[in-house]
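Report on the structure
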Amino acid sequence: MSNLRRAGGPLLVIVLSAVALAVLDASGQAFWQGLAINLAIFMILTVSLNLTSGFTGVFSLGQIGFMALGAYISAILTLPLPEKAAYLPNLPSWLAGVHLDQRLGDVPVGFLLATLIAAALISVVAWLVGRVLMRLSGHFVAVATLGFLVIVRVVLFNADSFTRGSRTFSNVTPYTNLWWAWAWVLLVVYVVWRIKRSSYGRDMFFQRDDRSAAQAVGVRVMDPRLLAFVVGAFFSAVAGSLYAHFITSFSPTVFYFDLTFRVITMLVIGGMGSVSGSILGSIGIVALTEALRRVEDATLLYGLSQIILAVIFIVVITIRREGLLGQREVPLDRLFLGHGRAGPAPPAAPPAAPPPPTTRAEETTSTP
Amino acid sequence: MTDYAIQQVVNALSAGSLYALMAVGLAMVFGILRLINFAHGDLMMISAYLAVFSLGAGLSLAAALPVIVVGTVAVGLLMERIAYRPIRGAPDVAMLLTSFAVGQILQNGTLLITRLAGKPTLIAFPSPDVLNGVVNIGAITIPKVNVASFFAGIVLLGLLSVFVTRTTLGLSMRAAAEDLPAARLMGINVNRVVATAFAIGAGLAAVAGLLYSVQAGQINPYMGFTPVLKAFIAAVIGGFGSIAGAVLGGYVLGALEVLVTALAGIGDLLPPGSVPPEVRSFLQQWLPSGLASWRDAVVFVVLIIVLLVRPQGILGQRVRDDEL
């Protein structure tokens, strides 16, 4: 009974979102649909970066590199044969014949398969990279992963026969729609939330907060970091695939530092370690960006939006470093439990909130 | 062939000087604050725009240079005072991310101002005549700007070494880098020392920015990103936080890059008959001329290897495990 009640809050949110999506889908408002898909992609990126970096404290600047690889791999896989012959004439023969553009009724299964293949391949890459880089911490790992991003960019620019080099990769079929994008959001939020509540998740936070203490009591350091890195890369590649089949033409320049910084802003503002914080952070920044873009268009003051975002970022990191939520979560699962009955049902409360003493301690120490 | 080799050595020294000038600024600040200041590259960009502005206003290079340097130093000091001082002592990553935000503000601020002034994003750099053209020594032709970069590097870094070893302020800076709390207890004014480090770093970046822009021929608001990455690699290779290490790392990186570029397509460049055909085809296969465009990837692979194998760099102190 109590389990059912606890699931009530999240279920309610899912049902309401589904209704909102259905309304949006039926409305035919292309602008708002595009914005919702854009938001979904940023949400996937932010939540997965939160797992990789927020949970473990191993700050990765290479996430957009995984996204870029995911975008290119899945786009190459789904490209129909005539387009493939015309745009990528130099593909090796084993790849030139592949075209995952099949549909099963209305469902583009080829797209799903291509996304999964890309994400799986990227996970392997991330595992190899992570095996090497997760030994580093602090700014060393940030810069090493930034190196990874630069390497990916150089590879994309130079692997002409696969990526068309610096020329635009275009004519990707626009498979990504509201349902695909938001289904993936649901999955990434669920997976990351489950990881946070698992023993692996607790290890991630523990080794982040005090590595020496964690090692002293036998908590693993490498394994949780590597898990976070690989799962984060998997979903970043998914975001890349969704992006590729949404925007339909792109070049390597998109996947670089501006995008990286935007996702980091969403993460830091929402709170490193809080899944609901990442969701709120991405909603806030996407909405703000969109509003500022209109101001830019109207006033022709291009660059203004990024200045404002950067200023907000500096203010947040100076005044409230733990972001909006720190590592707490919005207590959706207590939606139906009611505050009056919190006393007699203590077992329901503790899993919903992280240990209060640590959050208190963080708040006091990190406020300058 | 010897000429080719000498030419490449000169290229390496001139590129190395620019990297060293940039890396020193990063290393001084990092040594004291543990802040990797990625906005350092944007100081180069500011210097380039100040140069366009002052040279475009008809000033000679000698008259423009003080304007450029003073302007860039002012921006460097402002950035320290407004953005970095409030978060001094914050976790490493928070400071690193702040420096990215500062960079975004400088880049987009410059973009905004150029747009308002009705200028395009990409501006051709009005190179002063002194730095245009080439110098001929025997059969070797060297662009003047490369010679200027080399000497600017040697002279300025020499002056810096006199400053940090012979003056009180320089000594306080080294003391602060060694142990900040202890230095403070000894009565060293930390704010002053940090401001000095930022000012010197910005001044060197201003000179590097001017020379870099002459070499590149055109400037844009995002031009600082790649050089600061390179300077960072140089500083890591040399030993982060060590000034001498940053200089050494700068020249090592310059040599490494020129080596990659020079070896690319070497199989086609060797005169006929100088090597056996098997060697030539081996070289053509493994060092194709396309390798040059992979240069940035190669230097980053080197960076990652250095971080893993010898994180303290060539000259740095041993890095403790818990700092890694």
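All values derive from a computational prediction rather than experimental measurement.

**As for the overall build of chain B**
A tally of regular secondary structure across chain B gives 13 helices and four strands. Since a compact globule built from 324 residues should have a radius of gyration of about 20 Å, the 21 Å found for chain B is in line with a globular shape. Taken along the three principal axes of its C-alpha coordinates, chain B extends 70 × 55 × 35 Å. The long-range fraction of contacts in chain B, counting pairs at least 24 apart against all pairs at least 6 apart in sequence, stands at 75%.

**Description of the pairing of strand β3 (residues 140-143) of chain B**
Successive side chains on a regular strand alternate, one facing one side of the sheet and the next facing the other. Bridging between strand β2 (residues 134-137) of chain B and β3(B) involves four bridges; their strand directions are antiparallel. Its bridge partner being in β3(B), Ile137(B) is matched across the sheet by Ile140(B).

**Remarks on helix α13 (residues 257-270) of chain A**
Residue and element names in this part refer to chain A. The end-to-end C-alpha distance of α13, which contains 14 residues, comes to 20 Å, matching closely the 20 Å that a straight helix rising 1.5 Å per residue would cover. With 12 of its 14 residues buried, α13 lies for the most part within the structure. By the burial criterion, the buried members of α13 are Phe257, Thr260, Phe261, Arg262, Val263, Ile264, Thr265, Met266, Leu267, Val268, Ile269 and Gly270.

**Looking at the interface of chain B and chain A**
Often, the extent of an interface is quoted as the loss of accessible area on bringing the components together. At the interface, 37 residues of chain B touch 36 residues of chain A. Elements represented by at least two residues in the side of chain B that touches chain A include exactly α4 (92-116), α9 (225-238) and α13 (295-309) of chain B. Among the elements that line the side of chain B that touches chain A, the one with the most residues is α4(B), at 15 residues. Looking at the side of chain B that touches chain A residue by residue, the classes come out as 27 nonpolar, five polar and five charged.

**Some remarks on helix α12 (residues 222-247) of chain A**
Look at α12(A): 37 Å from first C-alpha to last across 26 residues, which is about the 38 Å you get at 1.5 Å a residue. Among the 26 residues of α12(A), 22 are classified as buried, and the element is accordingly described as predominantly covered.

Calculation criteria
Residues numbered from 1 in each chain as written. Chains lettered and ligands numbered in written order. Predicted model: local features only at pLDDT ≥ 70, side-chain atom pairs only at ≥ 80, totals over all residues. Helix = DSSP H or I, 4+ residues; strand = E, 2+ residues; numbered from the N terminus. Rg over C-alpha atoms; globule rule 2.2 N^0.38 Å. Contact = placed C-beta atoms within 7 Å. Pairing = 2+ DSSP bridges. Expected span 1.5 Å × (residues − 1). Buried ≥ 20, exposed ≤ 12 C-beta atoms within 10 Å, placed from the backbone. Nonpolar A, V, L, I, M, F, W, Y, C, P; charged D, E, K, R; others polar.

In short, the description is geometric, and any link to function would need to be established separately.
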